[in-house]
Protein chains: 2
Amino acid sequence: MEQQIAPLARLTEQFGRLPGVGRKSALRMAYHTVKLSKEEAKAFAEAILTARESIRRCAVCCDLTDREICAVCSSSKRDPSLLCVVEDPREVTAIERTHEYRGLYHVLHGVLSPLNGIGPEALTVMELLARLEDGLVREVIMATNPTVEGEATAMYLSRLIKPLGIAVSRLAYGVPVGADLEYADEITLARALEGRRSL
Amino acid sequence: MEQQIAPLARLTEQFGRLPGVGRKSALRMAYHTVKLSKEEAKAFAEAILTARESIRRCAVCCDLTDREICAVCSSSKRDPSLLCVVEDPREVTAIERTHEYRGLYHVLHGVLSPLNGIGPEALTVMELLARLEDGLVREVIMATNPTVEGEATAMYLSRLIKPLGIAVSRLAYGVPVGADLEYADEITLARALEGRRSL
């Protein structure tokens with residue numbers, strides 16, 4: 001009967017718009033929300049509004065932040081000669097988790113996708129090129145995803161950046177650590193062979 | 001770096017409390033929400049608050065509704081002599097979807113679970129018994145889930161209701177329509193044999 005209960009239907013619809021949430025999950029979430037205490041429901045609604053209001057793009061690297069300049073960009077401990085270009089803020093989180101990278105980032109907020117009408121102007125390419133002007137950056141690491149579009153974007157950017165006399169590198173391809181070779185797809189395996197190193 | 005962005009971390013935490021949402025999904029949802037327009041974020045937050053404020057239990061059947069008495073209970077087209085007892089509002093929706101049932105419902109909002117400290121007083125058992133007092137109901141259909149706790153709850157209620165001279169029935173067990181016998185579990189299959197009908 002939830003069709004007839006408008007507020008529940010509206011909330012279900014809202015949850016259904018979240019990535020990876022189907023009709024049944026959205027309904028479960030709506031029922032869950034209705035059972036929250038008044039304070040909990042208020043905290044939930046406020047978290048949405050506060051996040052939407054206070055989160056913006058870092059003025060330097062375009063990563064998400066609640067300040068003018070993000071924590072990485074404003075840290076004096078990071079190496080400003082190394083720039084890692086990623087598609088998404090989530091990739092920054094993933095790379096930070098390795099605790100291996102000490103350079104800076106640049107978040108594109110997408111990849112080139114001509115078929116979907118996404119050209120360089122829809123990404124933060126202008127901002128990236130502006131950052132390279134002062135000559136401080138010595139190497140740009142392309143860490144876009146190993147997809148067709150991620151590759152194309154990396155190639156496109158490298159053609160713009162190399163003429164500036166800046167080294168451009170790409171993340172290594174290969175078999176994931178701990179994975180079983182038997183289950184690796186042919187392309188990954190071929191790339192792993194191609195990129196083999198002497199021991 | 002999302003650890004350092006408090007509003008994003010708080011929103012991720014809120015999404016992570018929803019049923020079936022893990023850490024990664026919650027983060028994806030939070031990033032998605034940050035990208036919403038101001039109006040969209042406001043509509044989302046308001047849907048939560050409105051649902052929480054306006055949805056309550058029907059004064060008769062305890063199903064969720066935004067009125068004093070729900071649409072099923074206030075309909076003159078339903079058969080008041082037949083009462084279907086379910087665990088959850090979602091089950092009402094599932095049964096309504098069959099378009100086969102014309103009686104009324106009673107929503108328990110849970111099942112008996114002594115190990116988790118859930119006794120009859122935590123469910124709407126009192127409300128159920130009060131509804132049976134006027135002698136209008138002739139049959140109560142136990143449609144609790146076919147789990148150990150659902151069974152125990154159905155047994156418990158049937159022992160309270162039968163002495164009132166009201167028929168108590170249970171949903172039929174059997175192989176799901178369209179399913180392959182090969183994949184049916186032994187218990188379901190045994191119940192299907194036990195409940196066989198002559199053709």
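Owing to the predicted nature of the structure, the values given are computational and were not obtained by experimental measurement. (Residues numbered from 1 in each chain as written. Chains lettered and ligands numbered in written order. Predicted model: local features only at pLDDT ≥ 70, side-chain atom pairs only at ≥ 80, totals over all residues. Heavy atoms only, no water.)

**Quick look at the overall build of chain A**
Scanning chain A for helices and strands turns up 7 helices and 6 strands. Along chain A, helices (α) and strands (β) appear in the sequence α-α-α-β-β-β-α-β-α-β-α-β-α when read from the amino end. Relative to the 2.2 N^0.38 estimate, which gives 16 Å for 199 residues, the radius of gyration of chain A is 22 Å and therefore markedly larger than a compact globule would have. If one aligns the C-alpha atoms of chain A with their principal axes, the spans along those axes are about 65 × 45 × 35 Å. By the burial criterion, 41% of the 199 residues in chain A qualify as buried. (Helix = DSSP H or I, 4+ residues; strand = E, 2+ residues; numbered from the N terminus. Rg over C-alpha atoms; globule rule 2.2 N^0.38 Å. Buried < 20%, exposed > 50% of the residue type's maximum accessible area, 1.4 Å probe, protein only.)

**Remarks on the environment of A:Leu181**
Residues and elements named next belong to chain A. On the secondary structure map, Leu 181 appears in the loop between β6 (167-170) and α7 (186-194). A relative accessible area of 52% places Leu 181 in the exposed class. Those residues within four positions of Leu 181 in sequence are excluded, and the remaining contacts are Val 175 and Leu 189. (Contact = heavy atoms within 4.5 Å.)

**Points about the domain arrangement of chain A**
Once the domains are mapped, chain A shows domain 1 (6-54) and domain 2 (70-198). Measuring from the centre of the C-alpha atoms in domain 1 of chain A to the corresponding centre in domain 2 of chain A gives 35 Å. (Domains from an automatic or database assignment.)

**Section: the relation of the copies chain A and chain B**
Mapping chain A onto chain B calls for a screw motion: a turn of 180° about the axis and a shift of 0.0 Å along it, with 0.1 Å RMSD after fitting. Taken together, these values place the two copies in the relation of a two-fold axis. Within chain A, A:Ala45 has its C-alpha nearest the rotation axis, a separation of 2.2 Å. Of the interface residues in chain A, 100% have counterparts in chain B that sit at the interface too, so the contact is made through matching surfaces. (Least-squares fit on C-alpha atoms with pLDDT ≥ 70 in both.)

**Describing the pattern of salt bridges**
Residues and elements named next belong to chain B. Counted by the stated rule, this structure contains 10 salt bridges over all chains. A salt bridge links Asp 88 to Arg 90; its shortest N-O distance comes to 3.0 Å. What makes Arg 90 partly exposed here is its relative accessible area of 34%. Its salt-bridge partner being Arg 170, residue Glu 151 comes within 3.3 Å of it at the nearest N-O pair. (Salt bridge = Lys/Arg side-chain N within 4 Å of Asp/Glu carboxyl O.)

**Some remarks on the sheet that holds strand β5 (residues 139-142) of chain B**
Residue and element names in this part refer to chain B. With parallel pairing, 4 strands are arranged side by side in an open sheet as β4-β3-β5-β6. Lying at the two open borders of the sheet, with one neighbouring strand each, are β4 (103-107) and β6 (167-170). This sheet shows a mean twist of 25° between the axes of neighbouring strands, independent of strand direction. In this structure, strand β3 (residues 79-86) lies alongside β5, joined through 4 bridges in parallel fashion. Note that in β5 the partner of Leu 83 across the bridge is Val 140. (Pairing = 2+ DSSP bridges. Axes fitted to C-alpha atoms, helices over the stretch in contact; angles between N-to-C directions.)

**Focus on the environment of B:Ala130**
Residues and elements named next belong to chain B. Within the secondary structure, Ala 130 sits in helix α5 (residues 125-131). On the basis of relative accessible area, Ala 130 is assigned to the partly exposed category, the value being 44%. Measuring from C-alpha to C-alpha, the distance between Ala 130 and Val 60 comes to 9.7 Å, with 70 residues separating the pair along the chain.

**Overview of the sheet that holds strand β3 (residues 79-86) of chain A**
Residue and element names in this part refer to chain A. Spatially, 4 strands are ordered β4-β3-β5-β6 in an open sheet, and the strand pairing comes out parallel. Edge positions in the open sheet fall to β4 (103-107) and β6, since each of these has one partner strand only. Each strand axis lies, on average, 25° off the axis of its neighbour in the sheet, ignoring direction. In the sheet, β3 pairs with β4 via 5 bridges, with the strands oriented parallel. What sits directly across from Leu 83, in β4, is Leu 104. Across the sheet, helix α4 (residues 89-97) is in contact with β3 and β4; its angle to β4 comes to roughly 160°.

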